[in-house]
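So the chains spell out like this:
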Amino acid sequence: RHGRRTGDILMTTRRGLIRGLILMVALSAGGEAAANPRNHSFDLKEPNSFYYFLVAQFKSFEEDDKGTQKNLTLALEKNPDSGFLWNQKAYLDAKLGNIEEAYRDTQTSLAKDPNNVDSLLLMGKISALKQHQQLAISYYRKAVALDPKNEEAYNLMARDYLELGD
């Protein structure tokens, strides 16, 4: 019982922090930020990519996939060279079952930032979904080379080795 209550408190705290960050970004962008409690948005003269990313995170916590997708797209329009944002979009695409689009977005993310461990892990997961375990393992190995303490990479690699029977 306490675990659920603690989880609810943490989620509420995260939402509050993200809302505060959105307001800070809005103010630092020189916009006239005015909270609109009806749709959790702010009026800005010129929102930047970080603002849209934070709104996407807020929408994600609200489990609003369309709102998340819309704001990630707006963030990428503002900053198309961000490997991080492409990776975020790829995760959302994968969550929504758009595996081919997730694959393309992850490729774009890795082209922008080849050392993005999260993108390497996602590319490995997508490769495994496509029954390309050896390729998946190669992505996990790259992730481990960059982050030797990454437990997720080791777990995924072990899973795919088991799948191969090695």
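The following refers to the structure shown.

1. Let's talk about the overall build of the protein chain
- Each helix and strand counted, the protein chain has eight helices and two strands in total.
- Looking at the 166 residues of the protein chain, the share that counts as buried comes to 37%.
- Long-range pairs, those at least 24 residues apart, make up 42% of the contacts in the protein chain with a sequence separation of at least 6.
- Carbon and sulfur atoms form 52% of the exposed surface of the protein chain, whose accessible area is close to 9900 Å².

2. Remarks on the packing of aromatic side chains
- Tallied over the entire structure, the rule returns three aromatic pairs.
- Their ring planes at 70° and their centres at 5.4 Å tell us that Tyr51 and Tyr52 sit as a pair that is edge-to-face. Taken as a pair, Tyr51 and Tyr52 share a single burial class, namely buried.
- With 5.1 Å between their ring centres and 70° between their planes, Phe53 and Phe84 make a pair best called edge-to-face. In this pair, Phe53 is assigned in helix H2 (residues 49-61) and Phe84 in helix H4 (residues 83-95), connecting sequence segments 31 residues apart.
- Residue Phe53 is classed as buried on the basis of its relative accessible area, which comes to 11%.
- Pairwise contacts between aromatic rings join Phe50, Phe53 and Phe84 into one cluster.
- The ring centre of Tyr103 lies 4.1 Å from the NZ or CZ of Lys130, which sits over that ring.

3. A short note on the packing of H2 against H4
- Running from amino to carboxyl end, H2 crosses H4 at an angle of 25°, the nearest separation of the two axes being 12 Å. For the element pair H2 / H4, the angle class is roughly parallel. Note on packing geometry: the crossing formed by H2 with H4 is left-handed. From H2, Ser49, Phe53 and Gln57 reach across to H4, where they touch Phe84, Leu85 and Gln88.
- Residue composition of the contact of H2 with H4, by class: three nonpolar, three polar and no charged.

Rules used in this analysis
Residues numbered from 1 in each chain as written. Predicted model: local features only at pLDDT ≥ 70, side-chain atom pairs only at ≥ 80, totals over all residues. Heavy atoms only, no water. Helix = DSSP H or I, 4+ residues; strand = E, 2+ residues; numbered from the N terminus. Buried < 20%, exposed > 50% of the residue type's maximum accessible area, 1.4 Å probe, protein only. Contact = heavy atoms within 4.5 Å. Areas by Shrake-Rupley, 256 points an atom, 1.4 Å probe, with all protein chains shown as cover. Phe/Tyr/Trp six-rings, centres within 6.5 Å; stacked < 30°, edge-to-face > 60°. Lys NZ or Arg CZ within 6 Å of the ring centre and 35° of its normal. Axes fitted to C-alpha atoms, helices over the stretch in contact; angles between N-to-C directions. Parallel < 35°, antiparallel > 145°, perpendicular 65-115°, else oblique. Left-handed = near helix turned anticlockwise from the far one by under 90°. Nonpolar A, V, L, I, M, F, W, Y, C, P; charged D, E, K, R; others polar.

No statement about biological role is implied by the geometric values presented.
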